Amino acid sequence: MKPFFITLFLQILLAAQQVYAAGPLIEFPRASDGHPDFSGVWQTLSSAHWNIEPHVAAAAVLPALGAQFAVPPGMGVVAGGTIPYLPEAKAQRDRNFTARLLEDPEGKCYLGGVPRSTYMPYPFQIFQNINEIVMVYQFATGLRRINVGGTEEAPLDSWMGWSNARWDGDTLLVEVSGLNGLTWLDRAGNYASANARITESYTPLGPNHVLYEVTIIDATVFAQPWKISMPLYRIVDADFRLLEFKCEQFAEEKLYGHLRKPEAQ
Amino acid sequence: MKHTQPTYLVSLLAALIVLTVPLHVCAQEQRKTAWGEPDLAGAYTEFTIAPLERPEELGTKEYFTPAEAEIFQLQRLEEVNQDDETEPGTQADVHYDFGTYALSANEGITSPNLRTSIIIIPNNGRIPPLVPAAITRRDARGDARLGHEFDGPENRSLTERCIVWPSTLPPILPGGYNSNLQIFQSPGYVIIQGEMGDPRIIPTDGRIVTDSLPQWIGNSTGRWEGATLVIETTGFNDNTAWRNATANMHVTEWLTRLDDDTVEYRFRVEDPQTWAEPWEGVYPLTNLNGLLFEYACTEGNYGMANILSGERAVEQQAEKQ
Amino acid sequence: MRSTKLGLLLFFTLMVLMTVHVQAHHAFSTEFDSSHPVSFKGTVTKVELINPHSWIHIVVVDASGASVTWMIEGGSPNALVRRGVTKASIPVGSELSVTGYQARDGSNKAVGRDIAFADGRTLFFEGSRAPGASVTSP
């Protein structure tokens, strides 16, 4: 009996150290059921949040913001480079781009939805247990519950969608439906509708990297399914914690400023 | 001498049985996660029959008798689930019907609770008095807002602004509809998410927070003590002001699974700059048997725009007169 | 003993007299005007079962024969979801009858004091009460 408990204790200590260690890992951790354990804090490194298509540098949406908030270049994360919009949908995307200062949901502190939340330039944390995986995104504290082995359909549409997942070897496949179509895919006005069905895949690339790929199917917006792909990078900073980015108050002037009481004459 | 030996043995045996029975019961009810921690996971309602504060007439009476509790429970459930009969044309009538949306306080769920109040310390079951500094702060806030309640969004409450719903802050107290929460566990973490708010991410290795960055929902750290999760929360910001508290409020919570349907929630609140003494309470979290739906508040907040434009319309009408 | 019984009686009386309601969390009295009641039948064009309040969009044909779109405010949908309500529960094209109060700013918005299908069916559930809104023990 005693050696068993000692072993168990040591195993828990070891597992705990692997999860909480300040610093990169030498092996991708495994959960108690043998699957890769994606638990941890992750972030992407690209300018996909500006524009998921390849793009050169461009001026800030407000010239007064100067170089500081200009749009950096990006090699793009869309497989094949261009999103296969239907003609009318492409025109809508272009209208979104023109109106982005007022219309981008991100500026209103609206949740980023899926997949945009993943590649916003802010960290997110994955919590994995056998039946359920929770992802918490720093921006506006977005949260997704992912049902491992789930098959039910979404009862109602939501901003962060309804996620059912299954394992395919070491890859976690997540089917996302029930998205409300009100989010954008980036700051350039790329978008999908509420008809979108999204499949994410998470595959370990190395001890501290995950290959994140997303297939988007929406026949009302796109001529064919298309895919984005990018690595997730593990945050290895010591004592890192996901601080609040509750942006509601920062969006109030934008949303309600025009309804303020006029200054007394 | 000879006859006392069996008596001694019987007494010893009796003592052992008495001592081990509660442990035995606890062991039976102690569900574990796949990695061996006590399992608190589930979706729960915070609704309980006991009110937050004990009515003054009951003094230090901590429990109802079963007969008293039965009467009390019926009346309390009737009052929280009553049809809202209101007079047409009155302010009270300007509201949607709660029944249409199944929005009762308890959604049909109730669990046994013989207590006369959630608060158990101080022994009158009531929140201790505010200290003078807290009264000054509270009154100053009220005075600053007087006459400016509808000037702009920042003058509205934190709930109307979709910033934070107080019942999702520690200490978690039931209040109104959707008074529910979900507990999720993974190795090293517990997440408590109130249905009307942001998730609280609680590491369970008892770590000390090394930065001093205040958060709306405070900074929580947890540790296991046997079957109980103990959570300490500090580091609130100045604006949270939960029941007039300061950023120095310190909350301790204890969560213990009692059975398949119940988790006991006990809390302690300390803020010497707000209350004359610390106060504690306890109540059961009961299985909700349902899922929590997304509370994307600011995304659907037509209400803020309508409130402000409504007041602008009232002002314009007043100017015309 | 006697004072405790008296205390309890007083307490129970107070509980009955108090109208402890699930409180609205925002200023409905500023949003909507109690002196501007509305009552109409309309056809559903959009259903937003969202937080913090749901909104149902209906097209109403007014006295002049013109079609006017109204937004009708309701409650949080969370309890509905737990009782099996889905986005299919109020199909686009359904006829609803609504009584309520118009927005103070004069826009075509109203809080739906009472809302049901025009043929008399309750909006989400059979019968007059939502399941789960009655006294039950576990």
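Student: I keep staring at the sheet that holds strand β7 (residues 197–206) of chain A and nothing clicks. Help me out?
Tutor: What links the strands of a sheet is backbone hydrogen bonding, and the strands pair in either a parallel or an antiparallel sense. All names here are of chain A. Taking strand neighbours around the barrel as the criterion, the nine strands line up as β1-β2-β3-β4-β5-β6-β7-β8-β9 in a closed arrangement whose pairing is mixed. Going across the sheet, the axis of each strand differs from the next one's by a mean of 30 degrees, ignoring polarity. Pairing geometry for β7 and strand β8 (residues 209–217), over nine bridges, is antiparallel. The residue bridging Glu-200 from the neighbouring strand is Val-214, located in β8.

Student: Can you walk me through the packing of aromatic side chains in this structure?
Tutor: For any two aromatic rings, the description comes down to two numbers: the centre-to-centre distance and the angle of the planes. As enumerated under the stated definition, the model contains 29 aromatic pairs over all chains in all. Ring centres of Tyr265(B) and Phe267(B) lie 6.2 Å apart, and the angle between their planes is 35 degrees; this geometry places the pair in the tilted category. Each member of the pair Tyr265(B) and Phe267(B) is classed as buried. Site record: aromatic cluster; members linked through ring pairs are Tyr96(B), Phe98(B), Tyr101(B), Phe28(C), Phe32(C), Phe124(C) and Phe125(C). It is Arg243(B) that lies over the ring of Trp242(B); its NZ or CZ is 5.4 Å from the centre. A cation sits over an aromatic face here: Arg121(C) above Phe117(C), 4.1 Å from the ring centre.

Student: Please clarify how the environment of Glu154(B) should be interpreted in this entry.
Tutor: Topologically, Glu154(B) is positioned in the loop between α3 (132–145) and β3 (180–186). Separated by 149 residues in the primary sequence, Glu154(B) and Gly303(B) place their C-alpha atoms 14 Å from one another. If near-sequence neighbours (up to four positions away) are discounted, Glu154(B) is found in contact with Glu252(A), Arg260(A) and Arg161(B). One polar contact links Glu154(B) to Arg260(A), side chain to side chain, over a distance of 2.6 Å.

Student: Just to check I follow, could you spell out the interface of chain A and chain C for this structure?
Tutor: The parts lose accessible area when they come together, and the size of an interface is often stated as this lost area. Contacts between chain A and chain C engage five residues on the former and six residues on the latter. Carbon and sulfur atoms supply 68% of the area that chain A and chain C bury against each other, a total of about 460 Å² over both sides. The largest contributions to the chain A side of the interface with chain C come from Pro155(A), Leu156(A) and Asp157(A), which together make up 91% of the buried area. Applying the counting criterion to the chain A and chain C interface returns one salt bridge. Two residues, Asp157(A) and Lys87(C), come together in a salt bridge whose shortest N-O distance is 2.7 Å. Summed over the shared surface of chain A and chain C, the result is two residue pairs in polar contact (both at pLDDT 80 or more). Taken together, the residues of the side of chain A that touches chain C break down into three nonpolar, one polar and one charged.

Student: How should I be thinking about the sheet that holds strand β3 (residues 67–73) of chain C in this particular structure?
Tutor: All names here are of chain C. One closed barrel holds the five strands; their spatial order is β1-β2-β3-β5-β4, and the pairing between them is mixed. Going from strand to strand, the sheet's axes swing by 55 degrees on average, the running direction of each strand aside. Relative to strand β5 (residues 109–117), strand β4 (residues 95–103) runs antiparallel, the two sharing seven bridges. Paired with Tyr-101 across the two strands is Val-111, which belongs to β5.

Cut-offs applied
Residues numbered from 1 in each chain as written. Chains lettered and ligands numbered in written order. Predicted model: local features only at pLDDT ≥ 70, side-chain atom pairs only at ≥ 80, totals over all residues. Heavy atoms only, no water. Pairing = 2+ DSSP bridges. Helix = DSSP H or I, 4+ residues; strand = E, 2+ residues; numbered from the N terminus. Axes fitted to C-alpha atoms, helices over the stretch in contact; angles between N-to-C directions. Phe/Tyr/Trp six-rings, centres within 6.5 Å; stacked < 30°, edge-to-face > 60°. Buried < 20%, exposed > 50% of the residue type's maximum accessible area, 1.4 Å probe, protein only. Lys NZ or Arg CZ within 6 Å of the ring centre and 35° of its normal. Contact = heavy atoms within 4.5 Å. Polar contact = N/O pair within 3.5 Å; in protein donor to acceptor, adjacent residues only side chain to side chain. Buried area = accessible area lost by both parts, 1.4 Å probe. Salt bridge = Lys/Arg side-chain N within 4 Å of Asp/Glu carboxyl O. Nonpolar A, V, L, I, M, F, W, Y, C, P; charged D, E, K, R; others polar.

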